[in-house]
Amino acid sequence: MFTGYSFDITKVVRDRNSLQLRFQSAVHYAKLQSKAHTRYPVPPACPPKEQKGECHVNFIRKEQCSFSWDWGPSFPSQGIWKDVRIEAYNISHLDYLTFLPIYDNTSQEWTVEIEASFDVVSSKPVGGQVTVAIPQLQTWQTYNIELRQRQRTVKLLVKINKEIAVEPWWPHGHGNQTGYNMTILFVLDGDLNIEKSAKVYFRTVQLIEEPINGSLGLSFYFKINGLPIFLKGSNWIPADSFQDKVTPELLRLLLQSVVDANMNTLRVWGGGVYEQDEFYELCNKLGIMVWQDFMFACALYPTEQSFMKSVRAEVVYQIRRLKSHPSIIIWSGNNENEVALSNNWFHVSPSYLKTYTEDYVTLYVKNIREIVLQEDKSRPFIASSPTNGVQTVAEGWVSENPYSNHYGDVHFYDYFNDCWNWKVFPKARLVSEYGYQSWPSFSTLEKVSSKVDWSYSSSFSLHRQHHANGNNDMLQQAQLHFILPQRTDPLRKFKDTIYLTQVMQAQCVKTETEFYMRSRSEIVYGEGHTMGALYWQLNDVWQAPSWSSLEYGGKWKMLHYFARRFFAPLLPVGFEDRGVFYVYGVSDLHRDYNTRLTVRLYTWSSLKPLCSLVTARTVIKAGAATILYKEPVPKLLKRCKGCMRETCVISFQLSTDSDLFSPTNHHFLSSLKNARGLAKANITVNISQKGGLFVFYLKTSAIAPFVWLDVGSIPGRFSDNGFLMTKKTHSVLFYPWKLTSKSELRQALSVTSLTDIY
């Protein structure tokens, strides 16, 4: 599935032709390949029963999750999924052209390495010239070339004019995504002219693994153009079970939602597909860094000669196709296969472990890594995620503990401990997977269900849940802090339960992400310097419960609105440690700022703050996390007479000298199921149109936690949602993705806050 194919049809072509392709069943083929591998098993044979999937997907080079996953169906699609064309030529034909900008630190100059490969059919040598032009950089260079039947690859080194300042490409939130138009014109014998145009972007990437004072192990963070950058983002899975439904419009919608939520990174996960060109072009334009896995996930793989030949062709093809994109900052060999081996996920016999480790090194190190080093010297490679980086290399490529907090990246999931307790999370160098499930909104489910399905315990709800005990896990986590829905109308209760799973997910991921964000500048008990938080997962492949923050089709869940706040460039983070309340200021800005922190305490029963304080000015360093405030909770409550943990909530915001404000953040002093004084809020909404946008004016009779505005299936997003409403009035913008009207919005609108579900 992941390789381009070319067949010489010179001897079979006629005046009229029909093209026939016969496919063997992918499921049947995988089963036969597994059966033929008689020397030892290559696990896992089949997915867990909850996934309702097909077996032996590791024996076929195909989208691994198409045989099922714990968030997706088993739809092993089949057929040609890219363009088919006939090419005719009698002199020469350009097979591929790829390029790579390289920066030389010593001479401090940029060079563009260009490689072009031709199929030469002429029996005589083909001479000519190639001209490379980047007009904005005043760079024009011409080379004489000669192509022969066996010498068909042209390599050019184009030096960029040193007198002209090159604007680098920056990730979103850190600068512009400047690109330059480049044309490459081949003028060859026989009046053969071949012209290619491309955007060329200039940026450097380094993966820094070096000792840290006060901590065992090594750092693990990225420098882009010499600047350390905290990776803020999520994990990308295929946008549909059927790739032909993934249109440029859908990609634009999903990727725009990434930057709209202040993210700068997506990890293209190794169980899906190498994405289409449009995906990477959009990431280049939007400033989204891409952590690119090769397509191997959660399995051991065979290393037979035919399989390895196919893998090598795949890797060469994909690197040549993708390496010119500045958005891609790292190649990763696989998803979780190192940890699967070291922790023996598949309960393999100890007698086979040496063989499996050798196979692992053969596949990811001796083949994939070798090809990466040969084809692309411009970006780092790691063999797996999670990994211990250079420590994994030192241990022979399979580390004893790939989940170490002292090296590399980690994946972390825990559905049983209380997610409001930040102490359960790993203070790791970089966390590239973590998350909690929720259900998508009723309007998304309604399209694929009927009345009989609309309850949390229906066969539909169980069928769409592919994670073992997933539906119960969500309720158990929710009831640690919230009262479960009490209303008796079955449909109302189903909608309330959906809402509560989204509240739980948003609050859990917020707590965890803020912990990682504030851990960037400190070492505590030998751990810290966290420089990345990529939650699992961004998007959905179908309408079902999953870890996503965007529903199938792109509708924002509550988590995505929370991400817009917790990934803000300037953020106050509040938490408690042994009865003391702390606020950190977290900055992704490029310069130091003088800041003030405003802290307010509200009682649940009043829209007027009970008391407030403003701290003295404190400098928050560029790219750092700084303690701004600490006070024992009893002292804070005493200062604010009339407050107890159960009756009050803390609100806080950062301001700077230059009219730059952070989002307002909140800290709950008790579980909301124990909150006292929380009244049912009567929220009214007026809608007005302002150009292409709509303004929703909200008015409330009481403090309202987790206010959720839902306009059903009308495509679009709000400027804010899922918020704590502590003021009598609040206005929110709605950005429609298609034409709509005030009356349509009014008719579709529902408003829910936490007390509505009791």
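Within each chain, residue numbers correspond to sequence positions counted from 1 in written order. For a predicted model such as this one, the threshold for reporting local features is a pLDDT of at least 70, and the threshold for listing and counting side-chain atom pairs is 80 or more; totals across whole chains, interfaces and linings nevertheless cover every residue. As a rule here, side-chain values come from all non-hydrogen atoms in the structure, and water together with hydrogens is ignored.

1. Topic: the UniProt feature "domain: Glycoside hydrolase family 2 catalytic" (unreviewed entry) in the chain
For step 1, the next point in the chain: UniProt positions are given in the numbering used here, feature names are shortened, and annotations may be inferred rather than shown by experiment. Under the UniProt annotation, the feature "domain: Glycoside hydrolase family 2 catalytic" (unreviewed entry) is placed at residues 222-446.
For step 2, the next point in the chain: Counting from the N terminus, the helices are the DSSP runs of H or I reaching at least four residues and the strands are the DSSP runs of E reaching at least two. The annotated region residues 222-446 carries 37% helix and 16% strand content, and the separation between its end C-alpha atoms amounts to 43 Å.

2. Regarding the side chain of Asp453
For step 1, the next point in the chain: In this structure, Asp453 sits in the loop between helix 8 (442-446) and helix 9 (459-464).
For step 2, the next point in the chain: Only protein chains enter the accessibility calculation, which uses a 1.4 Å probe. A residue is then buried if its area is under 20% of the maximum for its type, exposed if over 50%, and partly exposed in between. Neither His nor the chain ends contribute to the count of charged residues, in which Lys and Arg are positive and Asp and Glu negative. We define a salt bridge as a contact between a side-chain nitrogen of Lys or Arg and a carboxyl oxygen of Asp or Glu at a distance within 4 Å. The side chain of Asp453 sits in the buried core without any salt bridge; Arg464 is the nearest counter-charge, 8.2 Å away.
For step 3, the next point in the chain: Pairs of residues are marked as contacts when any of their non-hydrogen atoms sit within 4.5 Å. Asp453 has contacts with Ser458, Phe460, Ser461 and Phe494, leaving out every residue within four places of it along the chain.

3. Describing the packing of aromatic side chains
For step 1, the next point in the chain: Stacked, tilted and edge-to-face pairs are distinguished by plane angle, under 30 degrees for stacked and over 60 for edge-to-face with tilted covering the rest, among Phe, Tyr and Trp rings (Trp via its six-membered ring) whose centres lie within 6.5 Å. In the structure shown here, the tally under the stated rule is 57 aromatic pairs.
For step 2, the next point in the chain: Centre to centre, the rings of Tyr180 and Phe202 are 5.8 Å apart; their planes meet at 65 degrees, and the pair counts as edge-to-face. Linking Tyr180 in strand 6 (residues 180-188) with Phe202 in the loop between strand 7 (192-200) and strand 8 (205-208), this pair joins segments that are 22 residues apart in sequence.
For step 3, the next point in the chain: Accessibility expressed as a relative area gives 0% for Phe202, which makes it buried.
For step 4, the next point in the chain: Aromatic side chains Phe220 and Phe222 sit 6.4 Å apart centroid to centroid with 85 degrees between the ring planes, which places their arrangement in the edge-to-face category.
For step 5, the next point in the chain: The exposure class of Phe220 is buried, given its relative accessible area of 1%.
For step 6, the next point in the chain: We classify Phe222 as buried; its relative accessible area is 0%.
For step 7, the next point in the chain: Here a set of aromatic residues connected by ring pairs shows up, and it is made of Phe412, Trp422, Phe425, Tyr434, Phe515, Tyr516, Phe575, Tyr582 and Tyr584.
For step 8, the next point in the chain: Throughout this description, the term charge over a ring refers to an Arg CZ or Lys NZ atom that lies within 6 Å of the ring centre and within 35 degrees of the ring normal. A cation over an aromatic ring shows up here: Arg520 above the ring of Phe230, its NZ or CZ 4.3 Å from the ring centre.
For step 9, the next point in the chain: Residue placement shows Arg565 over the ring face of Phe562; its charged tip is 4.8 Å from the ring centre.

4. Quick notes on the sheet that holds strand 1 (residues 92-104)
Note: strands within a sheet are paired through backbone hydrogen bonds, in either parallel or antiparallel orientation.
For step 1, the next point in the chain: Strand order in the open sheet formed by three strands is 1-2-5, and the pairing between neighbours is antiparallel. The sheet is open, and its two edges are formed by strand 1 and strand 5 (153-159), each paired on a single side. Between one strand axis and the next, the sheet turns by 15 degrees as a mean value, whatever way the strands run. Paired strands, as defined in this entry, are two strands with at least two bridges between them according to DSSP. Helix axes are fitted only over the stretch in contact, all axes being lines through C-alpha atoms; the angle between N-to-C directions runs from 0 to 180 degrees.

5. With respect to the sheet that holds strand 26 (residues 625-632)
For step 1, the next point in the chain: An order of 21-22-26 is seen for the three strands of this open sheet, with the pairing classed as antiparallel. Each end of this open sheet is capped by a strand with a single partner; those strands are strand 21 (570-577) and strand 26. Ignoring strand direction, the axes of neighbouring strands in this sheet form an average angle of 20 degrees.
For step 2, the next point in the chain: Here strand 22 (residues 580-587) runs beside strand 26; their pairing, made up of seven bridges, is antiparallel. Residue pairing across strands places Tyr582 opposite Lys630, the latter belonging to strand 26.

6. A word on the state of the cysteines
By definition, a disulfide is the covalent link that joins the sulfur atoms of two cysteine residues.
For step 1, the next point in the chain: The criterion for a disulfide is a pair of cysteine sulfur atoms lying within 2.5 Å. Scanning the entire structure with this criterion turns up four disulfides.
For step 2, the next point in the chain: Here Cys611 engages in a disulfide with Cys640; their sulfurs sit 1.7 Å apart. Disulfide Cys611-Cys640: torsion about the S-S bond near -125 degrees, hence left-handed. Linking Cys611 in strand 24 (residues 609-614) with Cys640 in the loop between helix 13 (633-639) and strand 27 (648-656), this pair joins segments that are 29 residues apart in sequence. Of the two residues, Cys611 and Cys640, both sit in the buried class.

7. Digging into a nonpolar patch on the surface
For step 1, the next point in the chain: A contiguous nonpolar patch, built from Tyr5, Phe7, Ile9, Val12, Val13 and Ile86 and spanning about 690 Å² of accessible area, is present on the exposed surface.
For step 2, the next point in the chain: Relative to the helices and strands, Phe7 resides in the segment before helix 1 (26-36).
For step 3, the next point in the chain: A relative accessible area of 65% places Phe7 in the exposed class. Patch membership needs two things, relative accessible area over 30% and no salt bridge, and members are linked within 9 Å if like-charged or within 5 Å if nonpolar (Val, Leu, Ile, Met, Phe, Trp, Tyr). In these tables, accessible area is a Shrake-Rupley quantity obtained with a 1.4 Å probe, and a residue counts as shielded only by the protein chains included in the view.

8. Considerations on helix 1
For step 1, the next point in the chain: If you check which residues of helix 1 are buried, you get Ala26, Ala30 and Ser34. Seen end-on, helix 1 carries its buried residues on one side only, within an arc spanning 75 degrees. Turned more than 90 degrees from where helix 1 packs its buried face, Lys35 and Ala36 sit exposed.
For step 2, the next point in the chain: Where helix 1 begins, one side-chain oxygen reaches toward the backbone nitrogen of Val27, 3.3 Å away; that side chain belongs to Ser25. Each direction from the helix axis to a C-beta atom contributes to the arc, which is the arc of those directions. Under the rule applied, a polar contact is a pair of N or O atoms within 3.5 Å (in protein, one hydrogen donor and one hydrogen acceptor; residues adjacent in sequence only if both atoms are side-chain atoms).

9. Re the pairing of strand 20 (residues 532-535)
Here is the key point about a regular strand: its side chains alternate between the two faces of the sheet.
For step 1, the next point in the chain: Burial along strand 20 is two-sided: the residues Gly532 and Leu534 and Ala533 and Tyr535 are all buried.
For step 2, the next point in the chain: As judged from the four bridges shared by strand 11 (residues 231-236) and strand 20, these two strands associate in the parallel manner. Across the sheet, Leu231 pairs through a bridge with Gly532, a residue of strand 20.

10. Overview of the environment of Gln318
For step 1, the next point in the chain: Relative to the helices and strands, Gln318 is located in helix 4 (residues 305-322).
For step 2, the next point in the chain: On the basis of relative accessibility, which here comes to 4%, the residue Gln318 falls in the buried class.
For step 3, the next point in the chain: C-alpha of Gln318 to C-alpha of Thr3: the two residues are 315 residues apart in sequence and 7.6 Å apart in space.
For step 4, the next point in the chain: Separated by 2.8 Å, the side chain of Gln318 and the backbone oxygen of Phe2 make a polar contact.
For step 5, the next point in the chain: A distance of 2.9 Å separates polar atoms of two side chains, one belonging to Gln318 and the other to Arg321.

11. Things to note about the nonpolar core
For step 1, the next point in the chain: Membership of the largest hydrophobic core comes to 155 residues, with the highest contact counts inside it found for Trp236, Leu255, Phe279, Phe294, Ile368, Phe696 and Phe706.
For step 2, the next point in the chain: The greatest single-element share of this core, amounting to 12 residues, is contributed by helix 11 (residues 490-518).
For step 3, the next point in the chain: Sequence-distant contacts of Leu255, defined by excluding residues within four places in its chain, comprise Trp236, Leu266, Phe279, Leu282, Cys283, Leu286 and Ile288. Among buried residues, the Ala, Val, Leu, Ile, Met, Phe, Trp, Tyr and Cys ones that are joined through side-chain atoms within 4.5 Å form a nonpolar core.

12. Topic: the packing of helix 10 (residues 470-478) against helix 11
For step 1, the next point in the chain: At a minimum axis distance of 9 Å, the contact between helix 10 and helix 11 shows a crossing angle of 70 degrees. Between helix 10 and helix 11, the angle falls in the class roughly perpendicular. The element helix 10 and its partner helix 11 pack so that their crossing is left-handed. Residues Met474, Leu475, Gln477 and Ala478 of helix 10 form the contact with helix 11, whose own contacting residues are Thr497, Leu500, Thr501, Met504 and Cys508.
For step 2, the next point in the chain: A per-class count over the contact of helix 10 with helix 11 returns six nonpolar, three polar and no charged. Note that the term roughly parallel is reserved for angles under 35 degrees, roughly antiparallel for angles over 145, roughly perpendicular for angles of 65 to 115, and oblique for everything else. Handedness of a crossing follows from how the near helix is turned relative to the far one, being left-handed for an anticlockwise turn of less than a right angle and right-handed for a clockwise one. Three residue categories are used. Nonpolar comprises Ala, Val, Leu, Ile, Met, Phe, Trp, Tyr, Cys and Pro, charged comprises Asp, Glu, Lys and Arg, and polar comprises the others, including Gly.

13. Some remarks on helix 12 (residues 558-566)
For step 1, the next point in the chain: A large share of helix 12 lies buried, amounting to eight of its nine residues.
For step 2, the next point in the chain: Three or more residues of helix 12 are buried, namely Met558, Leu559, His560, Tyr561, Phe562, Ala563, Arg565 and Phe566.

14. Section: the pattern of salt bridges
For step 1, the next point in the chain: Taken as a whole and judged by the stated rule, the model has 33 salt bridges.
For step 2, the next point in the chain: Note that Asp577 and Lys423 form a salt bridge whose closest N and O atoms lie 2.7 Å from each other. Highlighted residues: Asp577 in strand 21 and Lys423 in the loop between strand 16 (410-412) and strand 17 (431-434), separated in sequence by 154 residues.
For step 3, the next point in the chain: Because the salt bridges share partners, they merge into one network encompassing Asp95, Asp119 and Arg152.

15. Looking at the environment of Phe575
For step 1, the next point in the chain: Tracing the sequence through the fold places Phe575 in strand 21.
For step 2, the next point in the chain: Given the relative accessible area of 7%, Phe575 is considered buried.
For step 3, the next point in the chain: Residues within four places of Phe575 in sequence aside, it is in contact with Trp422, Arg518, Val580, Phe581, Tyr582, Tyr584 and His667.

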